[in-house]
Amino acid sequence: RGGRPVSQLFRLFDRRVRRKADPRDVYEGLRSLGIAATLGDAQGLVKAIARGKELRCSDLAVFLDDPDFASLEDTVCAGAASRLLPPPPVTSYAQCDPTNHAVHQLRDLFGDSFVTRRAFSDGLRHLQLDRVAPDVVQRLTTAYDLNGDGRVHARAFVKRITKSGAWKRAAKARKRVLQVAREAEEAYDQVDEEGYWPNELDEELVEACRGLGLRCLTDTHALWVARRALQSDLPPNWVRSHAKDGRPFFHDLVSNNSTWDRPFAPEFVSLARDACRRRRRVVDDDEDALVVEDDSEEEEEEEPERISRPKSADAVRRARVVVSPE
């Protein structure tokens, strides 16, 4: 490197002045630096340090000056997911996907193209992501200044957040809570319309499924967990009381908080989650899992009747056998 800035060093690779370098450009740049490398070495280098298929100035800057940037980026993505996709309450209900709203919030904060460093840092401060590390703003602006011209590619930053593992886990957990609430509302609607509970449910069991994260209409194989949890004792420091109208509520003696929803011990929540995972794994891995559950006799499938299409005159003429008289 010889004390040269990254932008000047990148010009050795960007020989065609495209603001990016493919493996052939990197190979020629390494040869100009006196590094005995092959084209395969250049391809491996681009694959190791570049975010895309070609090397950019920001990739080279992170590789040379910030080797621990990956851990910082993961922390930033986790912080953005926790602030924009917090776990909703178990009583929430939404018809639309809230993840799309969170993505639009990110785009509104950072933009959908190249932005100035000041606008990018303002977006980080709005989400309180500037508190992750002392120099997080400087390191992020350097990493996403793709062309080395002082502008930050906000779209690449938003895409990195939405593709991260923390964002996907938060979105999946939020979607699960909304599915649980939606099926609970569907069970109540069926009682109002038809006058009976589906799947031998009742109000107490539906609310237990809501508290344990079970879908009362879909996860019927795990309803035994909810029944066992209702028969168990309350968690420590929790007591059961009744309001003036006779409705029961639960009070925490430590935090002095009260709630209408029955609390459950953490082991029942884990047991319900494991039951759902185990069921999905059996159905996905075992091809005969669905056949075992079906007690009805399998009926032989009748072969559908084949409908012959009318042949054209040419086809009939070609298929006709003409016997010439001897």
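Everything numeric here is computed off the predicted structure, so don't read it as measured data.

Caption draft 1: Region of interest: the pairing of strand S4 (residues 248–252). Across five bridges, the pairing between strand S3 (residues 238–242) and S4 is antiparallel. Bridge pairing in S4 links tryptophan 238 to aspartate 252. What sits between S3 and S4 in their antiparallel hairpin is a turn of five residues, with glycine 246 showing a positive phi close to 90°. Here S4 pairs with strand S5 (residues 258–259) via two bridges, running antiparallel. From the neighbouring strand, phenylalanine 250 faces S5, where its bridge partner is threonine 259. Turn length for the S4-S5 hairpin, with the two strands adjacent in sequence and antiparallel, is five residues, and the turn residue asparagine 256 shows positive phi of about 60°.

Caption draft 2: Up close: the side chain of aspartate 22. Here aspartate 22 shows up in the loop between helix H1 (6–10) and helix H2 (23–32). A distance of 2.9 Å separates a polar atom in the side chain of aspartate 22 from the backbone nitrogen of aspartate 25.

Caption draft 3: Here's a closer look at the packing of aromatic side chains. Scanning the entire structure with this criterion turns up six aromatic pairs. With a centroid separation of 5.1 Å and an interplanar angle of 70°, the aromatic rings of phenylalanine 110 and phenylalanine 157 are classed as edge-to-face. On the criterion of sequence distance, the pair formed by phenylalanine 110 in helix H6 (residues 98–110) and phenylalanine 157 in helix H9 (residues 154–162) is long-range, its members being 47 residues apart. Measuring from centroid to centroid gives 5.0 Å for phenylalanine 120 and phenylalanine 157, while their planes differ by 75°, and the two rings are edge-to-face. Remark: phenylalanine 157 occurs in helix H9 and phenylalanine 120 occurs in helix H7 (residues 117–126); sequence separation between them is 37 residues. When sorted by exposure, phenylalanine 120 lands in the same class as phenylalanine 157, which is buried. Ring pairs connect the aromatic residues Phe110, Phe120, Tyr144 and Phe157, which therefore count as one cluster. When the ring centre of phenylalanine 114 is taken as reference, the NZ or CZ atom of arginine 151 above it lies at 4.6 Å. Here the basic side chain of arginine 247 rests over the ring of tryptophan 260, its NZ or CZ set 4.1 Å away from the ring centre.

Each value, and the rule that gives it
- Residues numbered from 1 in each chain as written.
- Predicted model: local features only at pLDDT ≥ 70, side-chain atom pairs only at ≥ 80, totals over all residues.
- Heavy atoms only, no water.
- Pairing = 2+ DSSP bridges.
- Helix = DSSP H or I, 4+ residues; strand = E, 2+ residues; numbered from the N terminus.
- Polar contact = N/O pair within 3.5 Å; in protein donor to acceptor, adjacent residues only side chain to side chain.
- Phe/Tyr/Trp six-rings, centres within 6.5 Å; stacked < 30°, edge-to-face > 60°.
- Buried < 20%, exposed > 50% of the residue type's maximum accessible area, 1.4 Å probe, protein only.
- Lys NZ or Arg CZ within 6 Å of the ring centre and 35° of its normal.

Read these as geometric descriptors, not functional statements.
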